[in-house]
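# Topology and contacts: notes
This is what each chain is made of:
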Amino acid sequence: MNYNLLKDKTVLVTGGAGFIGSNLCETLLNYNVKVVCLDNFATGKRENIAPFLKNKQFQLIEGDIRNLEDCHTACKNVDFILHQAALGSVPRSIKDPITTNDVNISGFLNMLVAARDAKVKRFVYAASSSTYGDHQALPKIEEIIGKPLSPYAITKYVNELYADIFYKTYQLDTVGLRYFNVFGKRQDPNGAYAAVIPLFVKQFINHESPVINGDGSYSRDFTYIDNVIQMNIKAITTANKDALNTVYNVAYGERTTLLELATILKTYLSEFDPAIKEIEIKHRDNRIGDIPHSLASIEKAKQLLNYNPKFSITNGLKAAVSWYWENLQVS
Ligand SMILES: NC(=O)c1ccc[n+]([C@@H]2O[C@H](COP(=O)([O-])OP(=O)(O)OC[C@H]3O[C@@H](n4cnc5c(N)ncnc54)[C@H](O)[C@@H]3O)[C@@H](O)[C@H]2O)c1
């Protein structure tokens, strides 16, 4: 990837203290790019960005995207935006749709307005595979979506609609990245809304049985963080005008069932602790609203952005498991 194109540029990463945001900040700083991080630590963690604070290329702005003034401050002298700040999790949005709406829609709109006013060159944002909603066909292709199945999915779809209108009305260049089940280092294993991979890893390390919703045949296109970083960098650096003002699936393009996932994690973790081999994988009823299968077509990203995901699910899981083994605090 050509990081030279980002020389002397400033990139604003909103939600930079979160899982995906902190990985984006880290990569950009490794290439000596100036990074501004806007975060209110709603779900992000100070320890995720602690190592960056001594880097002169890194600036932290503690603020809230629901506050337009904070967004204007963060966008000052910024060339590109990687907008990650949002409240994730479908169950969280079902429990508290109002806060999810405020952050994910009003906050998103504030960021678009601030980006427009600051004349940023490109606004790349975290969209979501949840936008495919109740559409059954596989693999998912960008142009065909169904009806949203949760308040969270609505917010992510509205983001796409607003981004499109900001291009058409104000000529703000945008790129939406529909992430599919991202995993990797620093993804939070704790709390009621933990994602399945860090949750299962934590449970195996603590010698607890992971519990699969349903018989384990449901499948997802799990995507390693490095592939997601590649797409973000390609989206801000591409010179291909046809690649802008649209949305992309960000995935590896392969399906893994939940049972396969748990079994792979168990095998990899057993290499660190042989007792993990004996842990039983348990099951309970399917969760209402969960779609059975998810699989992305990544052809559009390959064609227009030259996307070339380097990490397969197994290579990604190996890397993630090693990181958790080194870093996970038993809780
Ligand atoms: N992780 C995935 O699999 C996945 C899948 C699809 C989409 N996404 C999207 O990717 C983005 C990043 O997700 P993540 O997994 O890193 O989640 P995360 O919770 O780790 O990161 C989100 C960050 O946004 C910050 N934030 C939340 N509300 C804020 C506010 N009002 N003002 C400022 N900052 C705020 C949080 O403190 C946190 O640091 C989100 O937009 C999410 O919806 C993630």
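Definitions and limits used
- Residues numbered from 1 in each chain as written.
- Predicted model: local features only at pLDDT ≥ 70, side-chain atom pairs only at ≥ 80, totals over all residues.
- Heavy atoms only, no water.
- Near = heavy atom within 4 Å.
- Polar contact = N/O pair within 3.5 Å; in protein donor to acceptor, adjacent residues only side chain to side chain.
- Areas by Shrake-Rupley, 256 points an atom, 1.4 Å probe, with all protein chains shown as cover.
- Helix = DSSP H or I, 4+ residues; strand = E, 2+ residues; numbered from the N terminus.
- Nonpolar A, V, L, I, M, F, W, Y, C, P; charged D, E, K, R; others polar.
- Axes fitted to C-alpha atoms, helices over the stretch in contact; angles between N-to-C directions.
- Parallel < 35°, antiparallel > 145°, perpendicular 65-115°, else oblique.
- Left-handed = near helix turned anticlockwise from the far one by under 90°.
- Contact = heavy atoms within 4.5 Å.
- Phe/Tyr/Trp six-rings, centres within 6.5 Å; stacked < 30°, edge-to-face > 60°.
- Buried < 20%, exposed > 50% of the residue type's maximum accessible area, 1.4 Å probe, protein only.
- Lys NZ or Arg CZ within 6 Å of the ring centre and 35° of its normal.

### Describing the site of the ligand
- The environment of the ligand is made up of 27 residues, and the closest members are Asp 39, Thr 43, Asp 64, Tyr 152 and Val 182.
- Between the ligand and Asp 39, the relevant distance is 2.6 Å, taken from an oxygen atom to a side-chain nitrogen or oxygen of the residue.
- One nitrogen or oxygen atom from the main chain of Gln 84 is found 2.8 Å from an oxygen atom belonging to the ligand.
- The protein chains hide 90% of the 820 Å² of surface that the ligand would expose on its own.
- Counting residues per element, the shell around the ligand draws most heavily on strand β5 (residues 122-128), which supplies three residues.
- Grouping the amino acids of the shell around the ligand by side-chain chemistry returns 14 nonpolar, nine polar and four charged.

### Let's talk about the packing of helix α5 (residues 97-117) against helix α6 (residues 151-170)
- Relative orientation of the contacting elements α5 and α6 amounts to 15°, with a least axis distance of 10 Å. Between α5 and α6, the crossing angle belongs to the class labelled roughly parallel. Once α5 is placed against α6, the crossing between them reads as right-handed. On α6, the residues touching Pro 97, Thr 100, Asn 101, Asn 104, Ile 105, Phe 108, Leu 109, Leu 112, Val 113 and Arg 116 of α5 are Pro 151, Tyr 152, Thr 155, Val 158, Asn 159, Tyr 162, Ala 163, Phe 166 and Tyr 170.
- For the contact of α5 with α6, a count of residues per class yields 13 nonpolar, five polar and one charged.

### Describing the packing of aromatic side chains
- Under the counting rule described, the total for this entry stands at eleven aromatic pairs.
- For the pair Tyr 3 and Tyr 31, a centre-to-centre distance of 3.5 Å together with 0° between the ring planes defines the contact as stacked. Taken together, the residues span a long stretch of sequence, with Tyr 3 in the segment before β1 (10-14) and Tyr 31 in the loop between α1 (19-30) and β2 (34-39) at a distance of 28 residues.
- What makes Tyr 3 buried here is its relative accessible area of 11%.
- Of the residues examined, Tyr 31 reaches a relative accessible area of 45% and is grouped as partly exposed.
- Between Phe 123 and Tyr 125 the ring centres are 6.1 Å apart and the planes differ by 35°, which places this aromatic pair in the tilted class. Each member of the pair Phe 123 and Tyr 125 is classed as buried.
- Pairwise contacts between aromatic rings join Phe 108, Phe 123 and Tyr 125 into one cluster.
- Just above the ring of Tyr 170 sits the side chain of Arg 116; from NZ or CZ to the centre is 4.6 Å.
- Here the basic side chain of Arg 178 rests over the ring of Tyr 132, its NZ or CZ set 4.9 Å away from the ring centre.

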